[in-house]
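Tertiary structure, described
This is what each chain is made of:
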Amino acid sequence: MDLESTLDELYALRPHEFTAVRNQRAAEARRAGDRELAERIRALRRPTVSAWAGNMLVRKEPDKVRPLISLGEGLREAHRNLDGEQLRELGRQQHLLVGALAREARQLAAEEGQSVGEAAFHEIEATLHAVLADPEAARQWAAGHLDRPLNAPVGFTGLEASAGATVRPASPDRPEPRPEPSPEPAEDAGARRRREKLDDARQEAEDAERQAREREQAHEEASAALERSQAALDGISERVAALAQELDEARERQRRAEREVRDARDEASRASRAARDARRRADRAATVAERLGGGS
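In this report, we go over the structure that sits alongside the text. Computed from a prediction, not measured in an experiment: that's the story for all the values here. (Residues numbered from 1 in each chain as written. Predicted model: local features only at pLDDT ≥ 70, side-chain atom pairs only at ≥ 80, totals over all residues. Heavy atoms only, no water.)

1. Some thoughts on the overall build of the protein chain
- Along the protein chain, the regular secondary structure elements total nine helices and zero strands.
- Beginning at the N terminus, the succession of helices and strands in the protein chain can be written as α-α-α-α-α-α-α-α-α.
- Every one of the 296 residues in the protein chain was classed for burial, and the buried ones make up 31%.
- Counting every atom, the protein chain has about 18,600 Å² of accessible surface; 50% of that belongs to carbon and sulfur. (Helix = DSSP H or I, 4+ residues; strand = E, 2+ residues; numbered from the N terminus. Buried < 20%, exposed > 50% of the residue type's maximum accessible area, 1.4 Å probe, protein only. Areas by Shrake-Rupley, 256 points an atom, 1.4 Å probe, with all protein chains shown as cover.)

2. Structural notes on the packing of helix 4 (residues 49–60) against helix 7 (residues 118–133)
- Closest axis-to-axis distance for the helix 4/helix 7 pair is 8 Å, and the angle between their directions is 55°. By the angle between their directions, the pair helix 4 and helix 7 is classed as oblique. Considering only the axes of helix 4 and helix 7, their crossing is right-handed. Contacts between helix 4 and helix 7 involve Val49, Ser50, Ala53 and Leu57 on the former and, on the latter, Ala120, Glu123, Ile124 and Leu128.
- A breakdown of the residues in the contact of helix 4 with helix 7 according to their chemical character gives six nonpolar, one polar and one charged. (Axes fitted to C-alpha atoms, helices over the stretch in contact; angles between N-to-C directions. Parallel < 35°, antiparallel > 145°, perpendicular 65-115°, else oblique. Left-handed = near helix turned anticlockwise from the far one by under 90°. Contact = heavy atoms within 4.5 Å. Nonpolar A, V, L, I, M, F, W, Y, C, P; charged D, E, K, R; others polar.)

3. Details of the packing of aromatic side chains
- By the definition in use, this model includes one aromatic pair.
- Ring centres 5.2 Å apart and planes at 50° place the aromatic pair Tyr11 and Phe18 in the tilted group.
- Lying over the aromatic face of Phe121, Arg106 brings its terminal NZ or CZ to 4.3 Å of the ring centre. (Phe/Tyr/Trp six-rings, centres within 6.5 Å; stacked < 30°, edge-to-face > 60°. Lys NZ or Arg CZ within 6 Å of the ring centre and 35° of its normal.)

4. Quick notes on the pattern of salt bridges
- Under the counting rule described, the total for this entry stands at 13 salt bridges.
- Where Arg139 meets Glu136, a salt bridge forms, and the shortest distance between an N and an O atom there is 2.5 Å. Residue Arg139 and its partner Glu136 are located together in helix 8 (residues 135–143), separated by three residues, close to a single helical turn.
- By relative accessible area, which is 35% here, Glu136 ends up partly exposed.
- Its salt-bridge partner being Arg280, residue Asp277 comes within 2.1 Å of it at the nearest N-O pair. Of this pair, Asp277 and Arg280 both sit in helix 9 (residues 185–295), three residues apart, which is roughly one turn of that helix.
- Here Asp277 falls in the partly exposed class, since its relative accessible area comes to 30%.
- The partly exposed category is assigned to Arg280, whose relative accessible area is 43%.
- Taken together, the salt bridges that share partners define one network made up of Glu9, Arg25 and Glu28. (Salt bridge = Lys/Arg side-chain N within 4 Å of Asp/Glu carboxyl O.)

5. A look at the side chain of Asn55
- By the element assignment, Asn55 lies in helix 4.
- Not counting residues up to four positions away in its chain, the partners in contact with Asn55 are Tyr11, Gly144, His145 and Leu146.

6. Overview of the nonpolar core
- Counting 31 residues, the largest nonpolar core has Leu57, Leu68, Ile124, Leu128 and Trp141 as its most contacted members.
- For this core, the elements supplying multiple residues, two or more each, are helix 4, helix 5 (65–81), helix 6 (84–111), helix 7 and helix 8.
- Sequence-distant contacts of Leu57, defined by excluding residues within four places in its chain, comprise Pro62, Leu101, Glu104, Ala105, Leu108, Leu128 and Trp141.
- Within the second largest apolar cluster, 13 residues are counted, among which are Leu3, Leu7, Leu10 and Ile41. (Core = buried A, V, L, I, M, F, W, Y, C linked by side-chain atoms within 4.5 Å.)

7. Observations regarding helix 7
- Compared with the 22 Å implied by 1.5 Å per residue over 16 residues, the 23 Å span of helix 7 between its first and last C-alpha is a close match.
- Looking at helix 7, one finds that the buried residues are Ala120, Phe121, Ile124, Glu125, Thr127, Leu128, His129, Ala130, Val131, Leu132 and Ala133. (Expected span 1.5 Å × (residues − 1).)

8. Brief notes about the environment of Lys64
- Tracing the sequence through the fold places Lys64 in the loop between helix 4 and helix 5.
- Of the residues examined, Lys64 reaches a relative accessible area of 9% and is grouped as buried.
- Distance from Lys64 to Leu101, taken between C-alpha atoms, is 8.5 Å for residues 37 residues apart in sequence.

Structure (structure tokens):
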């Protein structure tokens, strides 16, 4: 047993399962003589629902980790270098991607039987914003061991234009600068990288939004199929109950008929014995009468 594998195990559990298994693993480490590991395991905190859902997103959709972290790198570079119009565009892409991934995390939690309320949903969004803003937050999230939601550092909210943040707008009174006849190669390369990252971020956001819509549609279809199956099961259950009642009534009629057959058989047997007795008496009487007639 080691700490990393224990972290992987514990933070994959649903929140209500965490404490019991954590205490069990700590006790196992203590029995194995590793008191330091036991104490470190015992100190682990049960994850909130939002942190657990964020961990689920990392574990079940690992292909989404690198794109989100790459988008964060592009956003941070844009935050340092781009003008207000470009920041607003990146903020829109950020909003789309975070919303899509937060809905996907909520859906993954629902598939595990764990509901995610509105407050927890907003905490998931806050964690994803933090991942985009802060490399250390991205590292923590990508490990899949969060026990609390993350918050973006102060000063990075300028990317989220839809949340009312202030960005530096392009001035309409200022003429567009003339392109330099011979721009420096380093500036060309930097601008090209920023454009590429912006294009990648836009594509990733659109892909995430499309996947989220597909998952939501699949969930709705699965829910409708579940309702139809439940209705069919209810109908079958009612029919089975009715057939069971009919079977019970038929068995009761069968038992009554069997009793009547036994009674009739007994009565026939008695009548047969009575008939044989009557026949023997008649034969004896006839014999006596014949003897008496022959003597006269």
